[in-house]
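Understanding the architecture of this molecule
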Amino acid sequence: SAVISQKPSRDICQRGTSLTIQCQVDSQVTMMFWYRQQPGQSLTLIATANQGSEATYESGFVIDKFPISRPNLTFSTLTVSNMSPEDSSIYLCSVLNTGELFFGEGSRLTVL
Amino acid sequence: GIQVEQSPPDLILQEGANSTLRCNFSDSVNNLQWFHQNPWGQLINLFYIPSGTKQNGRLSATTVATERYSLLYISSSQTTDSGVYFCAATTLRGSGGSNYKLTFGKGTLLTVNP
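Predicted, not measured: the structure shown is a model, and the values here were computed from it. (Residues numbered from 1 in each chain as written. Chains lettered and ligands numbered in written order. Predicted model: local features only at pLDDT ≥ 70, side-chain atom pairs only at ≥ 80, totals over all residues. Heavy atoms only, no water.)

The number of helices and strands found in chain A is zero helices and eleven strands. Starting at the N terminus and ending at the C terminus, chain A contains elements arranged as β-β-β-β-β-β-β-β-β-β-β. By the compact-globule yardstick of 13 Å for 112 residues, chain A fits well, its C-alpha radius of gyration being 13 Å. Based on the C-alpha atoms only, the size of chain A along its principal axes is roughly 40 × 25 × 20 Å. When each of the 112 residues of chain A is scored for burial, the buried share is 52%. Of the roughly 5,200 Å² of accessible surface on chain A, 47% is carried by carbon and sulfur atoms. With 7 positive and 9 negative side-chain charges, chain A shows a spacing of 7 Å between the two charge centroids. (Helix = DSSP H or I, 4+ residues; strand = E, 2+ residues; numbered from the N terminus. Rg over C-alpha atoms; globule rule 2.2 N^0.38 Å. Buried < 20%, exposed > 50% of the residue type's maximum accessible area, 1.4 Å probe, protein only. Areas by Shrake-Rupley, 256 points an atom, 1.4 Å probe, with all protein chains shown as cover. Lys, Arg positive; Asp, Glu negative; His and termini not counted. Charge placed at Lys NZ, Arg CZ, Asp CG, Glu CD.)

Next comes the structure, spelled out in structure tokens:
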């Protein structure tokens, strides 16, 4: 398995601001992903964080809204830009390890 | 992409009861996982089971890949089993030989009452 730490664990944000979520893994991993879980919903993949290159975004998600960095094989950040109340969600970092996906504790964002 | 359907959507049990949760998927899978999301939102890996049967304590899971379904069994349920159970899968079809994008079902909300 992998130990995945996310910061912040929760935050309350004002409309129009941006917030960066950090994801730190205790070992080097090739594949890292960012998921979103809106209230009462299932998880949806936002993007694959690629080390040393631009992230690969899923349909409905764009780089201007969700810029992602992946400077090395143990760390990634997701920024939620120009937030609105519709961005209130849990954001989860995940990594692939020996064929299995593992998730961080999640970052619960509330946008007022 | 692959479709993942879970049933039932909600389940209420008395402590000590047994239950079976079902996951149907629309295509052949190279990865199937069961997760438990606790009330704090954390996703806990239960099983990585693209085929066959596995057991871990009071929980067990079976995936019949040829018939495109997976079952999660919970025996002697406890209040701490409450939460949402997610099934998630990936398929190699149409992915150029590799696909690590998990598609999640909508989950089963389990409530275990004392």
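Picking up where we left off.
Taken residue by residue, the interface counts 18 residues in chain B and 19 residues in chain A. Interface area, chain B with chain A, both sides summed: about 1,500 Å², of which 57% is carbon and sulfur. Here chain B and chain A share eight residue pairs in polar contact (both at pLDDT 80 or more) between them. Those elements giving two or more residues to the side of chain B that touches chain A turn out to be strand 4 (31–37) and strand 5 (43–48) of chain B. In terms of residue count, the dominant contributor to the side of chain B that touches chain A is strand 4 of chain B (four residues). (Contact = heavy atoms within 4.5 Å. Buried area = accessible area lost by both parts, 1.4 Å probe. Polar contact = N/O pair within 3.5 Å; in protein donor to acceptor, adjacent residues only side chain to side chain.)

Here we come to the sheet that holds strand 7 (residues 68–72) of chain A. Residues and elements named next belong to chain A. Read across the sheet, four strands follow the order 1-3-8-7 without closing on themselves; strand pairing throughout is antiparallel. Of all the strands in the sheet, the pair left with one neighbour each is strand 1 (4–7) and strand 7. Mean inter-strand twist for the sheet, computed between neighbouring axes without regard to direction, equals 15°. Sheet analysis places strand 3 (residues 19–25) next to strand 8 (residues 75–80), joined by six bridges and oriented antiparallel. Bridge pairing links Gln 24 to Phe 75 in strand 8. (Pairing = 2+ DSSP bridges. Axes fitted to C-alpha atoms, helices over the stretch in contact; angles between N-to-C directions.)

Overall, the coordinates contain eight aromatic pairs over all chains when judged by the stated rule. On the numbers, 5.7 Å between centres and 75° between planes, the contact of Tyr 35 of chain A with Phe 104 of chain B is edge-to-face. With one member in each of two chains, Tyr 35 of chain A in strand 4 (residues 32–37) and Phe 104 of chain B in strand 10 (residues 103–104) form a pair that bridges those chains. Summarising the burial analysis for this pair, Tyr 35 of chain A and Phe 104 of chain B share the class buried. What links up through ring pairs into an aromatic cluster is the set Tyr 35 and Phe 103 of chain A together with Phe 35, Phe 86 and Phe 104 of chain B. Its guanidinium or amino end placed over the ring of Tyr 69 of chain B, Arg 22 of chain B lies 4.2 Å from that ring's centre, counting from NZ or CZ. (Phe/Tyr/Trp six-rings, centres within 6.5 Å; stacked < 30°, edge-to-face > 60°. Lys NZ or Arg CZ within 6 Å of the ring centre and 35° of its normal.)

Residue and element names in this part refer to chain B. Taken together, the five strands give an open sheet; going across it, the order is 1-3-8-7-6, and neighbouring strands pair in antiparallel fashion. Of all the strands in the sheet, just strand 1 (4–7) and strand 6 (52–56) have a single pairing partner and so form its edges. Along the sheet, successive strands turn relative to each other by an average axial angle of 15°, direction set aside. Sheet topology places strand 6 next to strand 7 (residues 59–64); five bridges connect them, and they run antiparallel. Counted as the bridge partner of Thr 53 is Thr 62 from strand 7.

All right, on to the environment of Ala 89 of chain B then. All names here are of chain B. Looking at where Ala 89 falls in the secondary structure, it is placed in strand 9 (residues 83–90). Look at Ala 89 and you get buried, because its relative accessible area is 0%. Here the alpha-carbon distance between Ala 89 and Val 29, two residues 60 residues apart in the chain, equals 6.5 Å.

Another point: the state of the cysteines. Residues and elements named next belong to chain A. Enumeration over the complete set of coordinates arrives at two disulfides over all chains. In this model Cys 23 forms its disulfide with Cys 93; the gap between the sulfur atoms is 1.9 Å. Judged by the sign of its S-S torsion, about -60°, the bond between Cys 23 and Cys 93 is left-handed. Highlighted residues: Cys 23 in strand 3 and Cys 93 in strand 9 (residues 89–97), separated in sequence by 70 residues. An identical accessibility class is assigned to Cys 23 and Cys 93; each is buried. A disulfide-free cysteine, Cys 13 has its sulfur positioned 18 Å from the sulfur of Cys 23, the nearest such atom. (Disulfide = S-S within 2.5 Å.)

We now examine the pairing of strand 3 (residues 19–25) of chain B. Residues in a regular strand project their side chains so that they alternate between the two faces of the sheet. All names here are of chain B. By the alternation rule, side chains of strand 3 split into Ser 19, Leu 21, Cys 23 and Phe 25, which are all buried, and Thr 20, Arg 22 and Asn 24, of which none is buried. Relative to strand 3, strand 1 is paired through four bridges, and the arrangement is antiparallel. Residue pairing in the sheet places Val 4 in a bridge with Phe 25 of strand 3. Of the strand pairs in this sheet, strand 3 and strand 8 (residues 69–74) are connected by six bridges, and their pairing is antiparallel. Within the sheet, the bridge partner assigned to Leu 21 lies in strand 8 and is Leu 72.

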